[in-house]
Amino acid sequence: MPYIDEITPKTIETDKLYLDMGVTEDEFSRIQTILNRLPNYTELGLFSVMWSEHCSYKHSKAVLKKFPVEGDRVLQGPGEGAGVIDIGDNQAAVFKMESHNHPSAIEPYEGAATGVGGILRDIFSMGARPVALLNSLRFGELTNPRVKYLFEGVVSGIAGYGNCVGVPTVGGEVQFDDCYEGNPLVNAMCVGLIDHSDLQQGIAKGTGNPVLYVGAGTGRDGIHGATFASEELSEQSESKRPSVQVGDPFTEKLLIEACLEAVRHPQLVGIQDMGAAGLTSSSAEMASKAGSGIHLNLDDVPQREEKMTPYEMMLSESQERMLLVIEQGSEKEFTDLFERWGLQAKVIGEVTDNQRMTLSFQGDTVADVPVDSLAEDAPVYHPDSVEPERFRAFQAAGQPNLTAEDPEEILLTLLQQPTIASKEWVYEQYDYMVQTNTVVQPGSDAAVLRMRGTDKALAMTTDANSRFLYLDPYTGGQMAVAEAARNLVCSGAEPLGVTDCLNYGSPENPEIYWELERSTDGLSEACRALNTPVVGGNVSLYNETAKGAVYPTPVVGMVGLIDKLDHITTQTVKNAGDAVYSLGKAGNDFAGSELQKVTEGRIYGPAPTFDLAAETERQTKVLTAIRKQTVQSAHDISEGGFAPALAEKLFSSGLGVDVTLTQSESLTASLFSETPSRYIITVREEDRERFEKLVPEAEMIGRVTETPQCMIRGNDGTPLINRSVQELENVWRGAIPCYLKSED
Amino acid sequence: MKFAVIVFPGSNCDKDMYYAVKNELGEEAEYVFHDETSLDRFDAVLLPGGFSYGDYLRSGAIAQFSPVMEAVKKAAAAGKPVLGVCNGFQVLLEAGLLPGAMRRNKGLKFICKPVTLRTEENATMFTSEYKQGEMITVPVAHGDGNYYCSDEDYRILKENGRIVFTYTDDLNGSKANIAGILNESGNVLGMMPHPERAVDTLLGSADGLPLFRSIVANWRETHAVHR
């Protein structure tokens, strides 16, 4: 039965070749039990990718179960290509986030570009038109030359792909910390729009129905990409460069248009993207979901390289490919449809009723395995979990007592920190306007897109402050969800749902697994409190190098709905004379803050005190105040604290501000602490009374001024910070280009 | 008035162009696929932005060989308004309907942002609704927008009022900050900035709308007899 050129099953067993594919001894014997014989090389390949962490979630399944996945608006929870949330008027938002960390660490341009390509396919394979892309990025410090190379490469890869396919890249975040030096995080999110009736599923049902392969030919690129994504990066990783695929956004653009036409064809049965583990995962998952089997004739697979083996074809992660199941007799209609878009479409197999995946090649059966064993029966691990020493130490340390001797200098320094500084250098390389729906452009708390033909808009954001997660995964996890929701609320949106991308080190390390457990507890609880179910996402483990693991970084992608275009709110101050309100008291929360990082060179201590109930209540009040049209601008206080947030509100406004700090025992805390759940809001004089009734805790601290000066006074009226907005804006805008230009 | 919106494989601003004409201008618009051969039923032709044929080889280089380009040339020769925006401009250059060539932006990076343009010439069928010298805000989104032409071509363009829009600073390395130029007979305009993205103040600017209005106003004048 094995294909002649391949290694014999006996050799695989005796030489333990499975170990090279990331299959453990236990897993290998499990495969033997399932097959009741030794697997051949091709079959072992199928199991190795389908049972990789990337495809099977074998180390994370247990924690993913905790997420709330249901809600009134949920039309599709986790399990399909993307989650789907009802947004009224028979329309739905389809969204998902996915990581492409390891490919980007090795080959930043193509790694990031194909990350964008993959997430787009997850959205349009659901039948939705992709309307927006976001990216959540983490790198090491910008003083390191390799980090600069990765940063520039990733950004141009995202631009190169997203710009060409004509989907606007409207938002996201970029943060910089040492722990990401050798292992950057590149998480791409896509949001699509769909009418309920067009919703598709990736299923292969109806015995005898043809399986149609569409798109680019299969090459040897990306073989074992999913396995590569499921191990730590090492010095040998460079040799895995061939595991990184190469993207072709032009073909993707054609695929989008053709597939959106195909999904409206009544004879389409199912459609799925060939993503991680390519032909293997798409065919096995489609059959498994339908309770069917699938037979593929590999001689018919379109190939762009010669003499490819069944193993190579099944494991290739060549980009821009889709798998469709269509009704018998409609073959010509579909192939014609794709041909009109210049795409090849070829029948490569059929749906069977035996719940097995059978592969034939040159007249031989080269694989015959139960589909469920690939798609469903991967082992589920419950790794050991141990609270790290550092956590106890951080809890015991208490909040550090920091004092800003020269607040003006501190503010200037903070505004130049790459994590706080303007990301214009990044987003100006992205076409964030194509499709002409982008109302709130990158740089605000959340991106906002109008929905053409309605009075509604969608708001979207990605967030996770991993420093707090490093200090305290549980509290940090709650805070990540809360911050995402706060950002949406500031833009005038009601948060609806979450997609997450869980980036961690190796789960086989008990301390890392503890981080995963605790942080997902925090995320789950916050998602419940804020009524934002998790409708999809991705897990990326093994994000570590010889120097250690990344901070636990569960990136929260959140989508919200704005009922009326009039409710769209931005962070920038609007009119001189408006009252400035501060909402939420600053405590001495310096652990994990930007101030602690710049003054002490490291972070330590307990995460800020965080009250989920208070957070939820405050969000409701602010959103109500915005909907009652009493708010001119709203901005949440995050990295750097109050002073940088206030400065950001002034940039590009041509206006200034004169405020007096009233509360707080410590001026440093008032200016720079990162106590969560806080906002700065501006209100017109005539709306003040109504606003104060709606948000009684808000405290008026000053006015927006005609003079473009940022004036912050102590409670006795003496100026603490008194700088021109232009000066602040220049350092904030210039910081990242400056880092990239400097030679060292 | 009926506008054709040409769709090449890889065009991605075709819908934006269509909506600008249909929704904001209130005129008729229809998509025309790259393999069609006649544009006789249209009064004006719009070549949208995007990455036609992936912009492989060179931006716009492959699109010039599309069957529809013969019809575009015919429409241009017949004096119909032909507007190429961004990739559409690049296609017009490659097809020889406008002089010059496009190079990579001088910073070698894609640039997407709203920019200020100066209306250098308002005595054209595309700009009559602007004031001479009017400053307008229109977004750019391109990687290859660095316009180049010979000194002789530049002199001819300049002397004949064929430089229609300029950037107010050196955005991308373009010769004399050129953002948009006309052909000799004044009915073919190529420009890198996207007027179709500036037709609604909700998205930041409606300064592109007068450009489309100019096309309609001038067409109405010359076609008064038929209406």
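Since the model is a prediction, treat every value here as computed from it, not as a measurement.

**Notes on the overall build of chain B**
Helix and strand counts for chain B stand at five helices and 11 strands. In terms of its C-alpha atoms, chain B occupies a principal-axis envelope of roughly 45 × 40 × 40 Å. Considering chain B as a whole, with its 227 residues, one finds that 60% of them fall into the buried category. Taking all contacts inside chain B whose residues are at least 6 apart in sequence as the whole, residues at least 24 apart take part in 73%. Accessible surface, chain B: about 8,700 Å² in total, of which carbon and sulfur atoms supply 49%. One finds the centroid of the 23 positive side-chain charges in chain B at a distance of 2 Å from the centroid of its 29 negative side-chain charges.

**Overview of the side chain of Asn146(B)**
Residue and element names in this part refer to chain B. Topologically, Asn146 is positioned in strand β8 (residues 146-148). Separated by 3.4 Å, the side chain of Asn146 and the backbone nitrogen of Ser174 make a polar contact. When near neighbours in sequence (up to four residues on either side) are disregarded, Asn146 contacts Ala101, Met102, Arg103, Arg104, Asn105, Lys106, Asn172, Gly173 and Ser174.

**Quick notes on unusual backbone geometry**
A positive phi is found at Tyr57(A), a non-glycine position, where the angle reads about 55°. By the secondary structure assignment, Tyr57(A) is in the loop between α4 (53-56) and α5 (61-64). Its identity is not glycine, yet Asn177(B) carries a phi of approximately 55°, on the positive side. Within the fold, Asn177(B) resides in the loop between β9 (163-167) and β10 (178-182).

**A look at the interface of chain A and chain B**
At the junction of the two partners, chain A supplies 31 residues and chain B supplies 28 residues. Interface of chain A and chain B: buried area, both sides summed, is about 2,400 Å²; carbon and sulfur atoms make up 62% of it. Ranking the residues of chain A by area buried against chain B places Phe250(A), Glu428(A) and Met433(A) at the top, with a combined share of 23%. Counting across the interface, chain A meets chain B through four salt bridges. When the shortest N-O distance is used, the salt bridge between Arg450(A) and Asp200(B) registers 2.8 Å. Where chain A touches chain B, the interface holds eight residue pairs in polar contact (both at pLDDT 80 or more).

**Observations concerning the UniProt feature "active site" (unreviewed entry) in chain B**
All names here are of chain B. In the numbering adopted here, UniProt assigns the feature "active site" (unreviewed entry) to Cys86, His194 and Glu196. A compact arrangement is adopted by the annotated residues: their sequence extent is 111 residues, whereas the largest C-alpha distance between any two is 10.9 Å. Its location among the elements puts His194 in the loop between β11 (188-191) and α5 (209-222). Residue His194 is classed as buried on the basis of its relative accessible area, which comes to 1%. Those residues in contact with His194 that lie beyond four places of it in its chain are Cys13, Gly49, Val85, Cys86, Val138, Pro139, Val140 and Ala141. A relative accessible area of 1% means that Glu196 is categorised as buried.

**Remarks on the confidence of the model for chain B**
The share of residues in chain B with pLDDT of 70 or more is 98%, and the mean pLDDT across the chain is 96. This complex was scored by the predictor with a pTM of 0.95 and an ipTM of 0.95.

**Some points on the sheet that holds strand β18 (residues 534-540) of chain A**
Residues and elements named next belong to chain A. Read from one edge to the other, the open sheet built from six strands follows the order β14-β15-β16-β21-β17-β18, with strand pairing classed as mixed. Unpaired on one side and paired on the other, β14 (438-440) and β18 mark the two borders of the sheet. With direction set aside, neighbouring strand axes in the sheet form an average angle of 25°. Where strand β17 (residues 494-503) and β18 come together, six bridges link them in parallel fashion. Bridging from a neighbouring strand, Thr499 pairs with Gly536 of β18. Packing of helix α20 (residues 510-529) onto the sheet brings it into contact with β17, β18 and β21 (553-562), and relative to β17 it is tilted by some 170°.

**Describing the sheet that holds strand β4 (residues 129-139) of chain A**
All names here are of chain A. If you trace the six strands from one edge of the open sheet to the other, you get β1-β2-β3-β6-β4-β5, paired in mixed fashion. Edge strands, defined here as strands with exactly one partner in the open sheet, are β1 (74-76) and β5 (169-176). Within this sheet the neighbouring strands show an average axis-to-axis angle of 25°, counted without direction. Pairing of strand β2 (residues 83-88) with strand β3 (residues 91-99), which is carried by five bridges, proceeds in the antiparallel orientation. Bridge pairing in β3 places Gly83 opposite Phe95. Packing of helix α7 (residues 108-124) onto the sheet brings it into contact with β3, β4 and β6 (185-195), and relative to β6 it is tilted by some 25°. The strands touched by helix α8 (residues 145-165) are β4, β5 and β6; relative to β4, the strand with the most contacts, the crossing angle is about 180°.

**A word on helix α15 (residues 389-397) of chain A**
Residue and element names in this part refer to chain A. Among the residues making up α15, those that are buried are Arg390, Phe391 and Phe394. Across the axial projection of α15, the buried residues extend over an arc of 100°, all falling on one side. Summarising the geometry of α15, the exposed residues directed more than 90 degrees from the buried face are Glu389 and Ala396. Those residues of α15 that are buried lie in contact with α18 (466-471), α19 (473-490) and α20. After α15 finishes, the residue Gly398 shows a positive phi value of roughly 75°.

**Looking at the packing of aromatic side chains**
Residue and element names in this part refer to chain A. All chains considered together, the criterion is met by 21 aromatic pairs over all chains. Considering the side-chain rings of Tyr470 and Tyr551, the 4.4 Å spacing of their centres and the 25° angle between planes classify their relative orientation as stacked. Linking Tyr470 in helix α18 with Tyr551 in the loop between β20 (548-549) and β21, this pair joins segments that are 81 residues apart in sequence. Since its relative accessible area comes to 21%, Tyr470 is described here as partly exposed. Through a chain of ring-to-ring contacts, three or more aromatic side chains come together here, namely Phe139, Phe151, Phe176 and Trp425. We note Arg30 situated over the ring of Trp51; from NZ or CZ to the ring centre the distance is 5.9 Å.

**Describing the pairing of β21(A)**
Moving residue by residue along a regular strand, the side chains alternate between the two faces of the sheet. Residues and elements named next belong to chain A. With respect to burial, β21 is a largely interior element, 10 of its 10 residues being buried. As paired elements, strand β16 (residues 457-463) and β21 share seven bridges and run antiparallel to each other. Residue Ala459 lies in a different strand from β21, and its bridge partner there is Gly560. Where β17 meets β21, nine bridges bridge the pair, whose relative direction is antiparallel. Bridge assignment links Asp500 to a residue of β21, and that residue is Val556.

**Points about the packing of α19(A) against helix α22 (residues 612-627) of chain A**
Residues and elements named next belong to chain A. For the pair α19 and α22, interaxial distance at closest approach is 9 Å and the crossing angle is 10°. Regarding the angle of α19 to α22, the classification is roughly parallel. Side by side, α19 and α22 meet where Gln478, Ala482, Ala485, Arg486, Val489 and Cys490 of the first sit next to Leu612, Glu615, Gln619, Val622, Leu623 and Ile626 of the second. Partitioned by chemical class, the residues of the contact of α19 with α22 number eight nonpolar, two polar and two charged.

**Quick look at the nonpolar core**
Formed by 140 residues in total, the largest nonpolar core has its most connected members in Phe151(A), Leu324(A), Phe338(A), Leu39(B), Leu47(B) and Phe165(B). At 10 residues, α8(A) tops the list of elements feeding residues into this core. Each residue touching Leu324(A), except ones within four places of it in the same chain, is listed here: Pro210(A), Val211(A), Leu212(A), Val214(A), Ala262(A), Leu268(A), Gly270(A), Ile271(A), Phe334(A) and Phe338(A). With 64 residues, the next largest nonpolar core counts Leu134(A), Ala482(A), Ile512(A) and Leu203(B) among its residues.

Rules used in this analysis
Residues numbered from 1 in each chain as written. Chains lettered and ligands numbered in written order. Predicted model: local features only at pLDDT ≥ 70, side-chain atom pairs only at ≥ 80, totals over all residues. Heavy atoms only, no water. Helix = DSSP H or I, 4+ residues; strand = E, 2+ residues; numbered from the N terminus. Buried < 20%, exposed > 50% of the residue type's maximum accessible area, 1.4 Å probe, protein only. Contact = heavy atoms within 4.5 Å. Areas by Shrake-Rupley, 256 points an atom, 1.4 Å probe, with all protein chains shown as cover. Lys, Arg positive; Asp, Glu negative; His and termini not counted. Charge placed at Lys NZ, Arg CZ, Asp CG, Glu CD. Polar contact = N/O pair within 3.5 Å; in protein donor to acceptor, adjacent residues only side chain to side chain. Buried area = accessible area lost by both parts, 1.4 Å probe. Salt bridge = Lys/Arg side-chain N within 4 Å of Asp/Glu carboxyl O. UniProt positions renumbered as here; feature names shortened; annotations may be inferred. pLDDT = per-residue confidence, 0-100. Pairing = 2+ DSSP bridges. Axes fitted to C-alpha atoms, helices over the stretch in contact; angles between N-to-C directions. Arc of directions from axis to C-beta. Phe/Tyr/Trp six-rings, centres within 6.5 Å; stacked < 30°, edge-to-face > 60°. Lys NZ or Arg CZ within 6 Å of the ring centre and 35° of its normal. Parallel < 35°, antiparallel > 145°, perpendicular 65-115°, else oblique. Nonpolar A, V, L, I, M, F, W, Y, C, P; charged D, E, K, R; others polar. Core = buried A, V, L, I, M, F, W, Y, C linked by side-chain atoms within 4.5 Å.

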